[in-house]
Amino acid sequence: MSTSKSIRRAVQLALWTGAATVTAAQSVYAADDQNIQEVVVTGTRISVPGAISSSPILSIGTDEITMQQATEIEQVFRDLPVTAVGDGSNVNNGTAGAATLNLRGLGAQRNLILIDGKRVTPFNYDGQVDTSIIPTALIERVDIVTGGASAVYGSDAIAGAVNFVMKRDFEGVDLSTDFSQFDEKDGDVRSASFVMGANVADGRGNIVVGLNWTDRDPVMLGDRPLGQLGIVTASGAGYDNFLNGVAPTPAPAGCGGPNSVVSGGSTTTLPTRIAIAGGGAIGQFRDDGSIGANCSVFNFNPYNYYQTPLQRVGGMVMGHFEVSEHAEAYARFGYTSTEVRQQIAASGIFGSAFWTPLSNPFINSSAQTTLINAYNAGRAGATPIVSTGGDFPNWRDLNGNGVVDAADDVRITYSRRTVEFGPRSTTYENNSYNILVGVRGQLIGDWDYDVFGQYGEAERSNVSAGYTNVTAAADAIDAVMGPNGVPVCRSGNPGCVPLNLFGGFGSITQEMASYSSASAIEQQAYEQKIVGASVSGPINAVQIPWAGSPLAMSFGVEYREEFGTATPDLCWQTQPASCLGGAGGSILPIAGGFDVREVFGEVLLPVASDLPGIRALDLEAGYRYADYDPSGVNRTYKYGLSYKPVDQVLFRVMKQRAARAPNVGELAAPNTTALDNATIDPCSVENAGNITPELSALCMSTGMTAGQVGVVNDLVSGQVNSFQGTDLDNLPKPEQADTLTVGVVWTPDFIPLANDVLISLDYYDIDISDVIGEFGAQEVLDACYVGGIAEECAKIRRIGGGLTLDGSGIETYTTNLKYLRAEGVELGVALGFDIGKFGNLRVSANVNKYLTHESQSSDLTPLVDCVGTFGTNCGNGPQGGPLPETRWLQRTSWMYNDFTVSLLWRHLSGIESAVPVFPKFQKIDSYDYFDLFGSWQFMEQATVNFGISNLFEKDPPVVGNEAADTGSNSGNTFPQLYDALGRQYAVGLRFTF
């Protein structure tokens, strides 16, 4: 086969492969019979004719985006076998109001997002990119480079780089509108886009304008049977109700209130549960103000979102103009405004301890007697849990008579949902813009240059509402009878309204709610500045005799500066856990940044071509030196080869050293309290039957008294307080990854009836050391109480013996962990069939199988293997939740005249819990979804599209609400991985002129 015909066929393969579905693309370049253009392949800066990538590249074309009728590119990425769960439309409790990509389950901060080879500005100080700012209508294709790309693009490209290649020379008008809705006639998504482009000055330039708008309606957990009730992962309580279509079993009479149920919910409930602060449970109030045994939990499910609401409007303008034969000016400006709302169940007082006068006028005589008896009983015995002294006093003997009586104050732990305040919500308002200007062209001879400057900025406001003001509540509970027979706050603070937590629903009046509720706001800003210059071209003097072309190289310099701030209001800054009950902790101001100066270079050396057994053999290498302030120096490199023994077979190998420097949040976050996910406090009443003398000793080593072991309350809703932030005296150093990819691509031309056949198989191994991250809370608990590791026990801070009171928690500061590794194989297949008068058939598939996905935080902690599992330890890590061992996408498309029909098959292999749970929830069988798409070009300029996702309406798996972290596990399932909302219909109309 001639070189021209070989290249022309490769171009055809690359174009239709990227259009059909996600498959392994080897090269992306333009060619015709007369002219072969030089372009840059994603993953290198070298421009050479007929470039072949030594790294695996997946391409997603515009047709695939259209077939999935995705208004956000994140919706396409979440189904890719190469990705794991990230933030998105089906993440509620744990969302940041963004749409992120998580390649290989290594964390959204470890893949670099690019637009036309240039960095995209992060949306916050954690260095992650919100992909919803990228207008899908302007995307030509998306290239995903696997296995690190730091030598080419710099820091963050650990798992790889995602390059959004935009439409460069678009002419005409493209107007489209789409609408989708679930089978339950909810969750509507409306979108519209407008693209207009034109050549100018007799083709010397082009300008493209794109506008987009999206409006997404919410879907509540209560809108689906599975989300209407809470199911306990450990015991299966509530599961039979779900199977039988029975509503949650209501709490007994006198212990009621909205969503008060017998099981399957939070112990922060209503009426109020109380406990001796630093001691054991007392019981639960009744509607009549008396105290009895615990009688209800709170079903928080219905208030939450399965699908968060979104409003988005944005636009992008791109253009280039040939100033002279040696200079082309180019520019891009983009702006996007989004609003995402998160909503969770009513706020409350989540195990906070308040001093309470036993003479509080809202405490009736029956409850007063119960409290006095409980506290006096706590004084007795060899290991009393009630004391006026010590590290955690919980009794004030105001009359000095040596017994607890009505004249005294006691410290009570309260667990009460303030349903009267309404649901909690956080609204994320995001505004971002980016400006890029540059000049590129021919420098001299065959050498090209590119000089550019880029500025990006993201501004966010996070408004949290519907919360209990814990500080005000503490003031309002400390109430006594006033001189005029009306309850008053003992503090005498102006405006204080005494709060009645000592009865059922409705005991909190509107006046009480007004004083004891709160809203808070946090402003964030992020700024990125980049300038860079590079040149590339051949060194004609260096050419191996057996090669058809000389050494090609590229080198350049880049300067980047990033700065982020977070400005919370005084409510958020209140220590130790902000003034917002159930907000997860406090937020302190952040202001920090870094800058980096980089020098980089690449070489591509053709070794031989057009010889027997060597159609082409190329070697490539690259190196980047990056000097970060304050993190220090990074040195990254790559070397590899591509070898074609014949036209139809390509072997490729690439070895790389990648790196990621700490982002602003990892460098400058102050120490604050937050919420982390954990399964159980081994020293609590929940585990009382399993506490051995050895475990008891470990519990006491972390600050408990003998009387508190096996008595204090367990964690609330699978969450525990944690202490997070940066240790300024021990800043994390950059993490490094050694990556290896080995693959083969086969494009046979002898398969009967088939044409344009492409088969690729690649192995990848990404091994990250000095991982920047945090120990998981459950990991620390297990290391201490199971492993007996004193170093981990020292991270546990107990207040009153427990982990639920304000000021208690687990230290999970940002540090360098030991390692994180992902290893696997990926298969890509694409082929077509010409079926004569019946049109054309196209079949493609992409399969990913993990061989390894493991991490270890330190030499003293156990290895965590996440392949094919779900659980808290994996969900809290970069994996982002469940990680099926094998996933694939397979698309079959039939094109006939003006009609297209396509079927997408999505497969997820079975997964199982990493820890023992209710037997029915221990394992999730493999899942297969089928999505149908059809289009009809009914006019020359008009096409109508129709799609059905989850065609056979397969129900999501049931695992309960404590199977993993709250970000991935919600509504008793994993809604970001599985289709939790049922069958979805979509229709679109597109006009092109």
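Parameters and conventions
Residues numbered from 1 in each chain as written. Predicted model: local features only at pLDDT ≥ 70, side-chain atom pairs only at ≥ 80, totals over all residues. Heavy atoms only, no water. UniProt positions renumbered as here; feature names shortened; annotations may be inferred. Helix = DSSP H or I, 4+ residues; strand = E, 2+ residues; numbered from the N terminus. Rg over C-alpha atoms; globule rule 2.2 N^0.38 Å. Buried < 20%, exposed > 50% of the residue type's maximum accessible area, 1.4 Å probe, protein only. Contact = heavy atoms within 4.5 Å. Lys, Arg positive; Asp, Glu negative; His and termini not counted. Charge placed at Lys NZ, Arg CZ, Asp CG, Glu CD. Disulfide = S-S within 2.5 Å. Pairing = 2+ DSSP bridges. Salt bridge = Lys/Arg side-chain N within 4 Å of Asp/Glu carboxyl O. Polar contact = N/O pair within 3.5 Å; in protein donor to acceptor, adjacent residues only side chain to side chain. Phe/Tyr/Trp six-rings, centres within 6.5 Å; stacked < 30°, edge-to-face > 60°. Lys NZ or Arg CZ within 6 Å of the ring centre and 35° of its normal. Domains from an automatic or database assignment. Buried area = accessible area lost by both parts, 1.4 Å probe. Nonpolar A, V, L, I, M, F, W, Y, C, P; charged D, E, K, R; others polar. Expected span 1.5 Å × (residues − 1). Arc of directions from axis to C-beta. pLDDT = per-residue confidence, 0-100. Core = buried A, V, L, I, M, F, W, Y, C linked by side-chain atoms within 4.5 Å.

Per an unreviewed UniProt entry, the recorded name for the protein is TonB-dependent receptor, and the organism is Steroidobacter agaridevorans. According to the UniProt record, the Subcellular location (unreviewed entry) comment for the protein reads "Cell outer membrane".

**Q** I'm lost on the overall build of the protein in this one. Help?
**A** Broken down by element type, the protein carries 14 helices and 51 strands. Taken over C-alpha atoms, the radius of gyration comes to 31 Å for the protein, in line with the 30 Å a tight globule of 993 residues would show. Expressed as a percentage of the 993 residues in the protein, the buried residues total 59%. Considering only contacts within the protein whose residues lie at least 6 apart along the sequence, 72% involve residues at least 24 apart. Here the protein holds 60 positive side-chain charges and 105 negative ones, and the gap between their average locations is 3 Å.

**Q** Is there a simple way to think about the state of the cysteines in this case?
**A** In protein chemistry, a disulfide is the covalent bond that joins the sulfur atoms of two cysteines. Taken as a whole and assessed by the stated rule, the structure comprises 6 disulfides. Here Cys 571 engages in a disulfide with Cys 579; their sulfurs sit 1.9 Å apart. Between Cys 571 and Cys 579 the disulfide shows an S-S torsion of about -85°. By sign, it is left-handed. For the pair shown, Cys 571 and Cys 579 are each scored as buried. Here the protein pairs its bonded cysteines, counted in sequence order, in the arrangement 1-2, 3-4, 5-6, 7-8, 9-10, 11-12.

**Q** Which parts of the structure should I look at to understand the sheet that holds strand β40 (residues 809-811)?
**A** Remark on secondary structure: sheet strands pair via backbone hydrogen bonds, oriented parallel or antiparallel. Here 4 strands make up an open sheet; going across it, the order is β35-β36-β40-β39 and the pairing mixed. At either end of the open sheet lies a strand with only one pairing partner, and these are β35 (672-677) and β39 (796-797). Both β39 and β40 contribute to a ladder of 2 bridges, which runs antiparallel. When the sheet's bridge partners are listed, Ile 796 is paired in β40 with Ile 810.

**Q** Just to check I follow, could you spell out the pattern of salt bridges for this structure?
**A** Charged atoms that come close allow side chains of opposite charge to pair. Evaluation of the coordinates by the stated rule reveals 44 salt bridges. Where Arg 110 meets Glu 735, a salt bridge forms, and the shortest distance between an N and an O atom there is 2.7 Å. Remark: Glu 735 occurs in strand β37 (residues 735-746) and Arg 110 occurs in the loop between α3 (73-77) and β5 (111-115); sequence separation between them is 625 residues. Owing to a relative accessible area of 2%, Arg 110 belongs among the buried residues under this scheme. Between Asp 859 and Lys 818 there is a salt bridge, and its shortest N-O distance comes to 2.8 Å. Of the two residues, Asp 859 sits in the loop between β42 (840-856) and β43 (864-865) while Lys 818 sits in strand β41 (residues 815-834), which places them 41 residues apart along the sequence. Within this structure, Asp 79, Arg 906, Asp 931 and Asp 979 form a network of salt bridges that share partners.

**Q** What should I look at first to understand the side chain of Glu 602 in this one?
**A** Relative to the helices and strands, Glu 602 is located in strand β31 (residues 590-611). A polar contact is formed between the side chain of Glu 602 and the side chain of Lys 638, at a distance of 2.8 Å.

**Q** Can you help me understand the packing of aromatic side chains in this one?
**A** The geometry of two aromatic rings is summed up by the distance between their centres and the angle between their planes. Counted according to the given criterion, the structure contains 23 aromatic pairs. Their ring planes at 85° and their centres at 5.1 Å tell us that Tyr 239 and Phe 921 sit as a pair that is edge-to-face. Residue Tyr 239 is found in helix α5 (residues 239-243), and its partner Phe 921 is found in the loop between β47 (911-913) and β48 (923-924); the two are separated by 682 residues along the sequence. Phe 921 matches Tyr 239 in its accessibility class, with the two residues each being buried. With a centroid separation of 5.8 Å and 45° between ring planes, the pair formed by Phe 594 and Tyr 628 is classed as tilted. With a gap of 34 residues between them, Phe 594 in strand β31 and Tyr 628 in strand β32 (residues 614-629) connect regions that are remote in the sequence. Each member of the pair, Phe 594 as well as Tyr 628, carries the same accessibility label: buried. By the ring-pair criterion, three or more aromatic residues cluster together here, those being Phe 285, Phe 354, Tyr 414 and Phe 502. Above the ring of Phe 775, the side-chain terminus of Lys 795 is found at 3.3 Å from the ring centroid. Directly above the aromatic system of Phe 723 lies the positively charged group of Arg 797, at a separation of 3.9 Å from the ring centroid.

**Q** Would you take a moment to explain the domain arrangement of the protein for this structure?
**A** Taken domain by domain, the protein consists of domain 1 (40-221 + 306-341 + 425-461), domain 2 (225-304 + 346-423 + 464-520) and domain 3 (678-731 + 777-811). Listed per partner, the contact involves 18 residues of domain 2 and 13 residues of domain 3. Buried area between domain 2 and domain 3, both sides added, is near 1100 Å², and the carbon and sulfur share of it is 57%. The largest contributions to the domain 2 side of the interface with domain 3 come from Gly 278, Thr 383 and Phe 392, which together make up 30% of the buried area. Our count for the contact surface shared by domain 2 and domain 3 stands at 0 salt bridges. Tallying contributions element by element places strand β21 (residues 348-357) first for the side of domain 2 that touches domain 3, with 4 residues. Residues that form the side of domain 2 that touches domain 3 fall into these classes: 8 nonpolar, 10 polar and no charged.

**Q** Explain the environment of Leu 803 to me, please; I cannot follow it from the model alone.
**A** Topologically, Leu 803 is positioned in the loop between β39 and β40. Each C-alpha atom of the pair Leu 803 and Asp 448 lies 62 Å from the other, and the pair is 355 residues apart in sequence. Sequence-distant contacts of Leu 803, defined by excluding residues within four places in its chain, comprise Asp 681, Leu 715, Val 720, Asn 721, Leu 781, Ile 796, Arg 797, Arg 798, Ser 808 and Gly 809.

**Q** What's the story with the sheet that holds β47 in this structure? I'm lost.
**A** Within the open sheet, the 3 strands sit side by side as β44-β47-β48. Their pairing is mixed. Edge positions in the sheet fall to β44 (869-870) and β48, since each of these pairs with one other strand and no more. Here β44 pairs with β47 via 2 bridges, running parallel. Pairing of Phe 870 across the sheet is with Ser 913, part of β47.

**Q** Looking at this structure, how should I read the environment of His 326?
**A** Following the sequence through the fold, His 326 ends up in the loop between β19 (310-324) and β20 (327-346). Considered as a pair, His 326 and Ala 99 are 227 residues apart in the sequence and their alpha carbons are 40 Å apart. When sequence neighbours within four positions are dropped, the list of residues in contact with His 326 reads Arg 440, Gly 441, Gln 442, Leu 443 and Tyr 449.

**Q** Please explain helix α6 (residues 365-379) as it appears in this structure.
**A** An α-helical turn contains 3.6 residues, so a residue and the one three or four places further along point in the same direction. Taking 1.5 Å of rise per residue, the 15 residues of α6 would be expected to cover 21 Å, and the 21 Å separating its terminal C-alpha atoms lies within 8% of that figure. Those residues of α6 not exposed but buried are Ala 367, Leu 371, Ile 372, Ala 374, Tyr 375 and Gly 378. Down the axis, α6 shows its buried residues gathered within 165° of arc, on one side only. Facing away from the buried surface of α6 by more than 90 degrees, the exposed residues are Ser 365 and Ala 377. Where α6 is buried, its residues contact β14 (273-276), β15 (281-285), β16 (291-292) and β23 (409-417). One side-chain oxygen at the N-terminal end of α6 lies 3.2 Å from the backbone nitrogen of Ser 366; it belongs to Asn 364. Gly 381 sits one or two residues past α6 and shows a positive phi near 90°.

**Q** What's the story with the confidence of the model for the protein in this structure? I'm lost.
**A** A low pLDDT means the predicted coordinates there should not be read in detail. Across the protein, the average pLDDT comes to 90, with 94% of residues at or above 70. Ranking the helices and strands of the protein by mean pLDDT puts strand β12 (residues 219-220) first, with 98, and helix α1 (residues 3-20) last, with 36. Here residues 1-39 is a poorly scored stretch, pLDDT under 50, and it has 106 contacts once near neighbours within four places are set aside; other chains count.

**Q** Help me understand the UniProt feature "domain: TonB-dependent receptor plug" (unreviewed entry) in the protein in this model?
**A** This chain's UniProt record puts "domain: TonB-dependent receptor plug" (unreviewed entry) on residues 55-161. Its end C-alpha atoms 11 Å apart, residues 55-161 is made of 14% helix and 21% strand.

**Q** What is the right way to look at helix α7 (residues 470-477) in this model?
**A** Counting buried positions over the 8 residues of α7 gives 6, a clear majority of the element. When we look at burial in α7, the residues that qualify are Val 470, Ala 472, Ala 473, Asp 475, Ala 476 and Ile 477. For α7, the N-terminal capping position is held by Asn 469, with its side-chain oxygen 3.2 Å away from the main-chain nitrogen of Thr 471.

**Q** Could you clarify how one ought to interpret the nonpolar core in this entry?
**A** Nonpolar side chains in soluble globular proteins generally cluster together in the buried interior. By size, the foremost hydrophobic cluster in this structure holds 61 residues, and its most contacted members are Phe 77, Val 162, Phe 164 and Met 166. Broken down by element, this core gets its largest block of residues, 5 residues, from helix α12 (residues 777-785). The residue makeup of this core includes at least three contributed by each of domain 1 (40-221 + 306-341 + 425-461) and domain 3 (678-731 + 777-811). Every residue in contact with Phe 77, bar those within four places of it in the chain, is listed here: Ile 60, Thr 83, Leu 101, Val 142, Ile 144, Val 162 and Phe 164. Ile 282, Val 386, Met 512 and Ala 513 belong to the second-largest nonpolar core, a separate cluster that totals 34 residues.

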